[in-house]
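Spelled out, the chains give:
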Amino acid sequence: MDDTPVLDNHMHLDPDAARGMDAVDDFVQLGGTHLLVVNKPSWHLGVESTDPEDFRSVFETTIDTVADATERLPGRAWPILGVHPGLISRLIDGRGCSPEEAADLMQRVLDIAAEYVECGDALALKSGRPHYEVDDAVWAASNDVMKHGFKLGADLDCVVQLHTEASEDLTEIAEWADDRGLDPLHVVKHYASGRLTGPTPSVMCKKDWLATAAKSDDPFLMETDYIDDPDRPGAVMGPKTVPRRVRWLRERGYDEAIEIAHVETPKRVYGIDTRRTLE
Ligand SMILES: [Zn+2]
């Protein structure tokens, strides 16, 4: 393409899954340069424990994968570590935990993820709440986990990426972050549509959503949520999608939006310099 950085803000990689690191090569081939790699849900990697220490293997695997990806990228990759909010249901339904016990375990796992951020091995944290219907106790416990994530993000001065229900208004969540000293700009909603009040949206690469985001002057990021799961082919977008959509935006004259999504917002939100790391 040209020498513009192209960042996919939310992708999962798994060297042992179907496509493995070929997904990175596909991304690069179309002009992709930088990746934020989020650890797969722990149960996808065989961790079904109630001991927080057992989750370290999920984080170590992700950090190793990011190092491999960086070798293949013209820019680099960074890890984002945390707990998938769906874990709460697995702990309650599959392990017999109470909502409070499950939330406590998830907070301890976030504490471990925070250790990796603190020592510089990971860039940001991942938290959130279920995108599906849950009862009030599970909802309250999930919100407690997310608030704990905000506290850690404020202490470490790092971003917290969120998995939440579909919404274009997460003002309340932004307030919870703000109350704990975390600037809502540093809260990123993964799988966002083109419009969002509150956190920074990481927009899924649907054309109409991208066009909406591109027409606003607000900060936004672009993502695929690619997950290398052979059991669910096509469940999410492929690894080539962000570079393809950057091309599509370029053809429509959205040069400024490309700069916002791939240079300015990454710098303002994560403090990463996608241009300098492309040299
Ligand atoms: Zn994901």
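The structure under discussion appears in the preceding block.
Computed from a predicted structure; not experimentally measured. (Residues numbered from 1 in each chain as written. Predicted model: local features only at pLDDT ≥ 70, side-chain atom pairs only at ≥ 80, totals over all residues. Heavy atoms only, no water.)

### What about the coordination of the zinc ion?
Working reference: metal with six octahedral donors, ideal angles 90 or 180 degrees; metal with four tetrahedral donors, ideal angle 109.5 degrees. Note on the zinc ion: its protein donors are His-10 (NE2), His-12 (NE2) and Asp-225 (OD). The metal-donor distances range over 2.0 to 2.2 Å. Each donor residue of the zinc ion belongs to the same chain, and together they define the spacing H-x1-H-x212-D. Taken as a pair, His-12 in the loop between β1 (7-11) and α1 (22-29) and Asp-225 in the loop between β8 (221-223) and α8 (241-251) lie far apart in primary sequence, 213 residues in all. Accessibility assignment for this pair places His-12 and Asp-225 in one class, buried. (Donors = N, O, S within 2.8 Å, 3.2 Å for Na, K, Ca; no water. Helix = DSSP H or I, 4+ residues; strand = E, 2+ residues; numbered from the N terminus. Buried < 20%, exposed > 50% of the residue type's maximum accessible area, 1.4 Å probe, protein only.)

### Details of the sheet that holds strand β2 (residues 34-38)
Pairing within the open sheet is parallel, and its 8 strands lie in the order β1-β2-β3-β4-β5-β6-β7-β8. Sheet topology places β1 and β8 at the edges, where each strand pairs with a single neighbour. With strand direction ignored, the average angle separating the axes of adjacent strands in the sheet is 25°. Summarising the sheet, β1 and β2 pair through 3 bridges and their orientation is parallel. (Pairing = 2+ DSSP bridges. Axes fitted to C-alpha atoms, helices over the stretch in contact; angles between N-to-C directions.)

### Considerations on the pairing of strand β4 (residues 124-128)
β4 sits mainly inside the fold: 5 of its 5 residues count as buried. Both faces of β4 are covered, namely the face carrying Ala-124, Lys-126 and Gly-128 and the face carrying Leu-125 and Ser-127. Two elements, strand β3 (residues 77-82) and β4, share 3 bridges in a ladder whose sense is parallel. Across the sheet, residue Leu-81 finds its bridge partner in β4, namely Leu-125. In terms of strand pairing, β4 meets strand β5 (residues 160-163) through 4 bridges, oriented parallel. Across the sheet, residue Gly-128 finds its bridge partner in β5, namely His-163. Handedness of the β4-helix α5 (residues 136-156)-β5 crossover: right-handed. (Right-handed = clockwise from strand over helix to strand, strands pointing away.)

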